[in-house]
Amino acid sequence: MAGYPYDRWRRGRWPRRNPLFVVLIALVCLTGFYAMGGRHFQRVERAPAAPRAPLVGRAFIVDGDSIRIGGVEIRLEGIDAPEWDQTCTDPDGRTWACGRAATGQLKAYTRDRTLTCHPRAIDRYGRVVATCLLPDGADVNARLVREGWAVAYGFSRIYTAEEAEAKAAKRGIWSGAFIYPSEWRRQKGHHGWRFWK
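Residues numbered from 1 in each chain as written. Predicted model: local features only at pLDDT ≥ 70, side-chain atom pairs only at ≥ 80, totals over all residues. Heavy atoms only, no water.

It is worth spelling out the overall build of the protein chain at this point. Assigned secondary structure in the protein chain consists of six helices and ten strands. Looking at the protein chain as a whole, 35% of its 197 residues are labelled buried. In the protein chain, once contacts between residues fewer than 6 apart in sequence are set aside, the share between residues at least 24 apart is 50%. Carbon and sulfur atoms form 56% of the exposed surface of the protein chain, whose accessible area is close to 12700 Å². (Helix = DSSP H or I, 4+ residues; strand = E, 2+ residues; numbered from the N terminus. Buried < 20%, exposed > 50% of the residue type's maximum accessible area, 1.4 Å probe, protein only. Contact = heavy atoms within 4.5 Å. Areas by Shrake-Rupley, 256 points an atom, 1.4 Å probe, with all protein chains shown as cover.)

Now the structure itself:
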């Protein structure tokens, strides 16, 4: 039947569908999906459940508020230490590597000692969030805040008393001026930070 669309397609006026072309377009779309956000969905689906049993062992120190025990990454609950590359200012206005100092203090507290970490949750990076204790029962998280090497952090603010004590005694990062680590992370490379004395 002349003029019928199917007849036009058969005579080559409309492009024929090439299966290889369709497969190629599908692959491009899938690649774009995974590049733009597929990994995020995959991470959410595979997020491990928080372990119920305590994690016990010697810690490898990652930074001032993160450790690893037996290959499990642990974020110390309720605290936020200066970032590894973060600097602070001493009372005379000189900068110093407070992030490295905080990491060094955590190493000194835990060196050659077995920690017992009580998991509470899993953070968005897949790390176990936990409170860690030394063999004598001392709370490592609390000690870091009390000595001025971390600030109280999170909704619970469980270490506010320790933070107030460190601030009043001008210990660690409280001895001079510093930027809260969360703000440092957000605004690194920009001006107009809020300094604390």
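Another point: helix H3 (residues 98–110). The terminal C-alpha atoms of H3 lie 18 Å apart, and with 13 residues this matches the ideal 18 Å at 1.5 Å per residue to within 8%. For H3, the complete set of buried residues consists of Cys98, Gly99, Ala102, Thr103, Leu106, Tyr109 and Thr110. Projected onto a plane normal to the axis of H3, the buried residues spread over an arc of 145 degrees and lie on a single side. Trailing H3 by a residue or two, Asp112 shows a phi angle of about 55 degrees, which is positive. (Expected span 1.5 Å × (residues − 1). Arc of directions from axis to C-beta.)

This part is about the sheet that holds strand E3 (residues 66–69). Pairing is mixed in the open sheet, where six strands are placed in the order E1-E8-E9-E4-E3-E2. On the outer flanks of this sheet lie strand E1 (55–58) and strand E2 (60–63), each paired with one strand and no other. Sheet twist, expressed as the mean angle between neighbouring strand axes with direction ignored, is 40 degrees. By the bridge criterion, four bridges tie E3 to strand E4 (residues 72–76) in an arrangement that is antiparallel. The residue of E4 that forms the bridge with Arg68 is Glu73. Contacting E2, E3, E4 and strand E8 (114–122), H3 crosses the sheet at an angle of about 160 degrees to E2. (Pairing = 2+ DSSP bridges. Axes fitted to C-alpha atoms, helices over the stretch in contact; angles between N-to-C directions.)

Any two side chains of opposite charge can pair, given that their charged atoms come close. Inspection of the entire model under this criterion finds ten salt bridges. The partner of Arg75 in a salt bridge is Asp65, and the shortest N-O contact between them spans 3.5 Å. You can see Arg75 sitting in strand E4 and its partner Asp65 sitting in the loop between E2 and E3, a full ten residues away along the chain. We classify Asp65 as buried; its relative accessible area is 4%. Among the salt bridges present, the one from Arg94 reaches Asp92, with a minimum N-O distance of 3.1 Å. Judged on exposure class, the residue Arg94 and its partner Asp92 are both exposed. (Salt bridge = Lys/Arg side-chain N within 4 Å of Asp/Glu carboxyl O.)

As paired strands, E2 and E3 are joined by three bridges and run antiparallel to one another. Pairing of Phe60 across the sheet is with Arg68, part of E3. Hairpin connection from E2 to E3: two residues lie between these consecutive antiparallel strands. Between E3 and the antiparallel strand that follows it, E4, lie two residues; Gly70 among them carries a positive phi value of about 55 degrees.

On to the confidence of the model for the protein chain. Residues of the protein chain with pLDDT of at least 70 account for 70%, and the chain-wide mean is 81. Residue range residues 37–47 is modelled with pLDDT below 50. Its contacts to residues more than four positions away, or to other chains, number four contacts. Low pLDDT, under 50, characterises residues 190–197; the predicted model gives this stretch 19 contacts beyond four residues in sequence or across chains. (pLDDT = per-residue confidence, 0-100.)

Here we come to the nonpolar core. Of all hydrophobic cores here, the largest spans 25 residues; its most connected members are Ile67, Ile74, Cys117 and Leu144. Counting residues per element, this core draws most heavily on helix H4 (residues 140–146), at four residues. Leaving out residues up to four positions away in the same chain, Ile74 has contacts with Leu55, Asp65, Ser66, Ile67, Ile69, Cys117, Val128, Ala130 and Cys132. Formed by eight residues, the second largest nonpolar core is a distinct cluster that contains Cys88, Val151, Ile173 and Tyr180. (Core = buried A, V, L, I, M, F, W, Y, C linked by side-chain atoms within 4.5 Å.)

Mapped onto the secondary structure, Thr110 falls in helix H3. By relative accessible area, which is 4% here, Thr110 ends up buried. In this structure the side chain of Thr110 is engaged in a polar contact, spanning 2.9 Å, whose partner is the backbone oxygen of Leu106. Those residues in contact with Thr110 that sit more than four places away from it in its chain are Ile61, Leu115, Leu134 and Val140. (Polar contact = N/O pair within 3.5 Å; in protein donor to acceptor, adjacent residues only side chain to side chain.)

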